[in-house]
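Observations on the three-dimensional arrangement
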Amino acid sequence: RSSDLWPDEDENGAEKVQEIVTWLKGHPVSNLSRSSCDLQILDAAIVEMIEEEIEKCKQRKSNKKVRVTVKPHLLFRSLEQHRGVIPDRDAEYRLFDRVVNVRDRKS
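Residues numbered from 1 in each chain as written. Predicted model: local features only at pLDDT ≥ 70, side-chain atom pairs only at ≥ 80, totals over all residues. Heavy atoms only, no water.

1. Considering the overall build of the protein
Along its length, the protein carries four helices and zero strands. Along its sequence from the N terminus, the protein presents helices and strands in the succession α-α-α-α. Out of the 107 residues belonging to the protein, those deemed buried represent 3%. Put simply, the protein shows about 11,500 Å² of open surface, and 53% of that area lies on carbon and sulfur atoms. (Helix = DSSP H or I, 4+ residues; strand = E, 2+ residues; numbered from the N terminus. Buried < 20%, exposed > 50% of the residue type's maximum accessible area, 1.4 Å probe, protein only. Areas by Shrake-Rupley, 256 points an atom, 1.4 Å probe, with all protein chains shown as cover.)

Here you go:
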């Protein structure tokens with residue numbers, strides 16, 4: 001029922017829907033090309049901006065080498081120390097994927 005969507009108005013729901021459709025078709029973005037949401041490519045402008053940022057990082061990168069002493073137990077933890085948290089070997093990750101690791105206890 002239209003009263004479920006627009007409880008404060010006494011209009012006919014079909015008229016309200018037609019008004020929204022007309023507004024959407026008149027909006028400037030309605031003329032843009034459509035693409036699938038699961039598309040695995042980026043726009044040329046975005047790729048260009050990423051390349052520019054990479055070049056900036058390359059220019060800022062210094063050749064200074066720093067030697068840091070780290071205790072070995074901080075670099076490597078055996079599976080026993082992870083308390084059963086084993087990585088999923090079948091998982092595939094791509095650029096911009098969000099990866100979350102949830103544990104029961106803090107370490």
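2. Points about unusual backbone geometry
At phenylalanine 96, a position not held by glycine, the phi torsion is positive, near 75 degrees. If you trace the backbone, phenylalanine 96 turns up in the segment after helix H4 (72-75).

3. A word on the layout of surface pockets
One number sums up the size of the largest pocket: a volume of about 300 Å³. Taken together, Ser35, Leu39, Gln40, Ile41, Leu42, Asp43, Arg94, Leu95, Phe96 and Asp97 form the lining of the largest pocket. Across the lining of the largest pocket, the residue classes tally to five nonpolar, two polar and three charged. (1 Å grid on protein atoms, 1.4 Å probe; cavity = no way out; pocket = protein on both sides within 12 Å on 5 of 7 lines; lining within 4 Å. Points joined across faces, edges and corners; volume = space filled by probe spheres on them. Nonpolar A, V, L, I, M, F, W, Y, C, P; charged D, E, K, R; others polar.)

4. Description of the environment of arginine 94
Note that arginine 94 resides in the segment after H4. On the basis of relative accessibility, which here comes to 54%, the residue arginine 94 falls in the exposed class. A C-alpha to C-alpha distance of 9.6 Å links arginine 94 and glutamine 40, two positions 54 residues apart in sequence.

5. Thoughts on a nonpolar patch on the surface
Where nonpolar side chains cluster on the molecular surface, the patch consists of Leu42, Ile46, Val47, Ile50, Ile54, Leu95 and Phe96 and spans about 630 Å² of accessible area. You can see isoleucine 50 is positioned in helix H3 (residues 44-60). Look at isoleucine 50 and you get partly exposed, because its relative accessible area is 32%. (Patch = residues over 30% accessible without salt bridge, like charges linked within 9 Å, V, L, I, M, F, W, Y side chains within 5 Å. Salt bridge = Lys/Arg side-chain N within 4 Å of Asp/Glu carboxyl O.)

6. Focus on the confidence of the model for the protein
The predicted coordinates of low-pLDDT regions are not to be read in fine detail. The predicted model of the protein has a mean per-residue pLDDT of 77, with 69% of residues at 70 or higher. Least confident of the elements in the protein is helix H1 (residues 2-5), whose mean pLDDT is 66; most confident is H3, at 88. (pLDDT = per-residue confidence, 0-100.)

7. Some thoughts on the pattern of salt bridges
Evaluation of the coordinates by the stated rule reveals two salt bridges. A salt bridge links lysine 58 to glutamate 55; the nearest nitrogen and oxygen atoms lie 3.8 Å apart. Residue lysine 58 and its partner glutamate 55 are located together in helix H3, separated by three residues, close to a single helical turn. For glutamate 55, a relative accessible area of 41% corresponds to the partly exposed category.

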